[in-house]
Amino acid sequence: QKNLGLLSPEQIELAKMLVEMGQSHLFQHWPEPGVDDEEKKALFDQVARLNSSYPGGLASYIKTARELLADSKAGKNPFDGFTPSVPTGENLTFGDENFIKFEEAGVREAQNAAFVLVAGGLGERLGYNGIKVALPMETTTGTCFLQHYIESVLALQEASFRLTQGKCQRDIPFAIMTSDDTHARTLQLLESNSYFGMKSSQVKLLKQEKVACLEDNDARLALDPQNKYSIQTKPHGHGDVHSLLYSSGLLKIWEDAGLRWVLFFQDTNGLLFKAIPASLGVSATKQYHVNSLAVPRKAKEAIGGITRLTHADGRSMVINVEYNQLDPLLRATGHPDGDVNSETGYSPFPGNINQLILELGPYIEELKKTGGVIKEFVNPKYKDASKTSFKSSTRLECMMQDYPKTLPPSARVGFTVMDTWLAYAPVKNNPEDAAKVPKGNPYHSATSGEMAIYRANSLILKKVGVKVDDPVHQVFNGQEVEVWPRITWKPTWGLTFSEVKNKVTGSCSISQRSTMAIKGRNVFIKDLSLDGALVIESVDEAEVKVGGSVQNKGWILENVDYKDTSVPEEIRIRGFRINKIEQIEKHYGEPGKFGLTV
Ligand code: UGB
């Protein structure tokens, strides 16, 4: 009461709301007016921010939190009444007729698409000190994830333009969701690299706000242990992307521009764009309102399972069931063994890789009803079985793949399964945890993420007829991985199977110890035998034909230990560094036709 004079009329309204919502502990400890006045006002500035950034305001947040905390305490099953079953979707095999047909349809549609990267997470599991999108995707060229994503979108844009003979030339919009943890560093990475060749107007950053932490089952907001004039906050999850896209007006802008698709993807999957053209083709051909990309999933792997849930009352939906919920759900519904592999060696439920393709029209219609609010959950860590107090404060969270939960049964919700080697190699786990992953399950580390790029490129070249030697097995940071030749190329060189096929002819071979980096659009490989390292860089206007026999000492992988702090963090989390001993390296900086026969 005594401090009311410090507050503006709006702040007094907020204070009343907090008292009504049982939050007076936030200011009960306040000293007399005149002491810490600025800090007191700062608390209310923060309350105003928390109130305006949450749909329905803080009162709604606290109310939902109480309900969810009560359900959690009572051990209520979020899937009560639902029976899980394996849904049907589209299964694609790389390079076959069907795949090529979908790829072409997808490239055609790409000019009607917008891309959304969710990159607000710090990646606690990875423990890397920088932002994840700045990490090199592979260290042969050192290209970081963000550069690769932007170059892939630009390559798709051009390919789409070419295929439709320029009927409609549009810059594909690219939005990035950031958070306080990642925003400044993401912007700096873009600005200091001239947006990696994209127009800065094509890129939009949307910052998600954190939400208030909760200290007990009554949803009392937690004060920051370091600052009693500040409410502790934590990330709300990637589900925020929907309300942000809606409230920022971006979706409307895209709709007015005639776009048809919105593609969502995560921060560290270097393979993703190899799967995008075909899956967009599936969306367009099957007219899916929601299409989730999926890969075969090993039981208990830390990726969600795509599941059909059918309720006793007849409701049914196809939805991701998060990895920690799938096992209890199965056990509770007549599958006593829970989440186990079938005779195929994989879980019968396809693994969600959180790449979603939404059709814009139905998406906007749905968001007009919901404002983009996604069903939340709470995951408190209780001190003991009485579930009366928490080990540390908790908060509400939401996930972008839960968007279909509010859709009517008439919505066309499907999924597209592709081979893991082609579509999914995220970098999520630190070396220590990765080394403990059960044998046969993927490491999802910087080591496996980089090796997966080389494997995918090798397998793609094999598929177009190149003789690529088998990999060797090596151990880096305690993880045994397949080491294929280190083959990389720019997205403009080969984004689809057909593009790669057009660039490689004759009889070609690549030995296991080789490195090949193609950094140019019009590089044509014919009758090349590579045993060593070859790097070709060219401007778009140069056409370069490469062939002959390359034999040199090449680039070799040397082990480094992740604990060796004399090595940069980006390198030591992989467990190896590349020693560039000898190579053929050519740069074609002028327009024209060139031949390189070694
Ligand atoms: N992210 C945000 O942008 N904001 C946030 O508040 C949090 C995250 P994680 P997670 O593909 O392997 C997901 O932490 O949540 C971004 C799916 O839920 O890497 O453990 C963050 O920057 C799961 O079903 O993943 O698990 C990153 O880009 C499965 O598909 C993205 O959200 C799993 O990913 C994912 O965040 C997977």
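Here's what I pulled together on the structure shown here. Fair warning: this is a prediction, and the values are worked out from it, not measured in the lab. (Residues numbered from 1 in each chain as written. Predicted model: local features only at pLDDT ≥ 70, side-chain atom pairs only at ≥ 80, totals over all residues. Heavy atoms only, no water.)

Brief notes about the overall build of the protein chain
Looking only at helices and strands, the protein chain has 16 helices and 33 strands in total. For the protein chain, the C-alpha radius of gyration of 26 Å lies close to 25 Å, the compact-globule estimate for 598 residues. Expressed along its principal axes, the backbone C-alpha trace of the protein chain runs to roughly 85 × 55 × 50 Å. Counting the 598 residues in the protein chain, one finds 55% classified as buried. Across the protein chain, every contact between residues at least 6 apart in sequence was considered, and the portion connecting residues at least 24 apart equals 71%. Within the structure as shown, the protein chain displays about 25,300 Å² of accessible surface, and the carbon and sulfur contribution to it stands at 50%. Between the mean site of the 68 positive side-chain charges and the mean site of the 72 negative ones, the protein chain shows a separation of 2 Å. (Helix = DSSP H or I, 4+ residues; strand = E, 2+ residues; numbered from the N terminus. Rg over C-alpha atoms; globule rule 2.2 N^0.38 Å. Buried < 20%, exposed > 50% of the residue type's maximum accessible area, 1.4 Å probe, protein only. Contact = heavy atoms within 4.5 Å. Areas by Shrake-Rupley, 256 points an atom, 1.4 Å probe, with all protein chains shown as cover. Lys, Arg positive; Asp, Glu negative; His and termini not counted. Charge placed at Lys NZ, Arg CZ, Asp CG, Glu CD.)

Notes on the site of the ligand
In the vicinity of the ligand, 25 residues are found, and the nearest of them are V118, Q208, E322, Q401 and Y424. Between the ligand and Q266, the relevant distance is 3.0 Å, taken from an oxygen atom to a side-chain nitrogen or oxygen of the residue. Here an oxygen atom of the ligand and a side-chain polar atom of E322 are 2.7 Å apart. Notes on the ligand: free accessible area 710 Å², of which the protein chains cover 89%. The greatest single-element share of the shell around the ligand, amounting to three residues, is contributed by strand β15 (residues 347-359). Counted by class, the shell around the ligand contains nine nonpolar, eleven polar and five charged residues. (Near = heavy atom within 4 Å. Polar contact = N/O pair within 3.5 Å; in protein donor to acceptor, adjacent residues only side chain to side chain. Nonpolar A, V, L, I, M, F, W, Y, C, P; charged D, E, K, R; others polar.)

Section: the packing of aromatic side chains
Two descriptors summarise a pair of aromatic rings, namely the distance from one centre to the other and the angle between the planes of the rings. In the structure shown here, the tally under the stated rule is 21 aromatic pairs. Seen in terms of ring centroids, F115 and F265 are 6.3 Å apart; in terms of plane orientation they differ by 80 degrees. Their pairing is edge-to-face. Here F115, found in strand β3 (residues 113-118), pairs with F265, found in strand β11 (residues 261-265); they are 150 residues apart in sequence, far enough to count as distant. A residue is classified by how much of its surface remains accessible, and F265, at 0% relative accessible area, is buried. Geometrically, the ring pair formed by Y149 and F265 is edge-to-face, given 4.8 Å between the ring centres and 85 degrees between the ring planes. Separated by 116 residues along the polypeptide, Y149 in helix α5 (residues 145-163) and F265 in strand β11 bring together distant segments of the chain. Taken together, the aromatic side chains of F115, F145, Y149, F174, F265 and F273 make up a single cluster linked through ring pairs. Of note, K503 hangs over the ring of F524, and the distance from its end group to the ring centre comes to 6.0 Å. Directly above the ring of W555 sits K580, whose terminal nitrogen or CZ lies 4.5 Å from the centroid. (Phe/Tyr/Trp six-rings, centres within 6.5 Å; stacked < 30°, edge-to-face > 60°. Lys NZ or Arg CZ within 6 Å of the ring centre and 35° of its normal.)

What about the environment of Q551?
Mapped onto the fold, Q551 is located in strand β29 (residues 542-551). On the basis of relative accessible area, Q551 is assigned to the exposed category, the value being 57%. As for Q551 and K132, which are separated by 419 residues in sequence, their C-alpha atoms are 36 Å apart. At 2.6 Å, the side chain of Q551 forms a polar contact with the side chain of D531.

What about the pairing of strand β1 (residues 82-85)?
Side chains of β1 alternate between two faces, with F82 and P84 buried and T83 and S85 left unburied. Bridge count for β1 against strand β13 (residues 305-311) is four bridges, and the pairing is antiparallel. If you follow T83 over to β13, its bridge partner there is T310. (Pairing = 2+ DSSP bridges.)

Quick look at the pattern of salt bridges
Applying the stated criterion to the full structure yields 35 salt bridges. Of the charged contacts, one joins R162 and E499 as a salt bridge, the two residues approaching to 3.3 Å between their closest N and O atoms. Taken together, the residues R162 in helix α5 and E499 in helix α15 (residues 497-503) connect sequence positions 337 residues apart. Salt-bridge contacts for D181 lead to K210; the nearest nitrogen and oxygen are separated by 3.2 Å. Of this pair, D181 sits in the loop between β4 (174-179) and α6 (183-191) while K210 sits in the loop between β5 (203-208) and β6 (211-212), and the two are 29 residues apart along the sequence. For D181, a relative accessible area of 21% gives the class partly exposed. (Salt bridge = Lys/Arg side-chain N within 4 Å of Asp/Glu carboxyl O.)

Focus: the environment of F102
Checked against the element boundaries, F102 lands in helix α4 (residues 97-109). For F102, a relative accessible area of 2% corresponds to the buried category. Separated by 182 residues in the primary sequence, F102 and A284 have C-alpha atoms spaced 8.9 Å apart.

Details of the nonpolar core
F115, L146, F174 and L461 are the most contacted members of the largest nonpolar core, which has 109 residues in total. Per-element accounting of this core gives the leading share, nine residues, to α5. The residues contacting L146, other than those within four sequence positions of it, are L117, V133, F174, I176, T186, L189, L190 and F196. One finds Y54, Y61, A219 and Y229 within the second-largest nonpolar core, a separate group that totals 31 residues. (Core = buried A, V, L, I, M, F, W, Y, C linked by side-chain atoms within 4.5 Å.)

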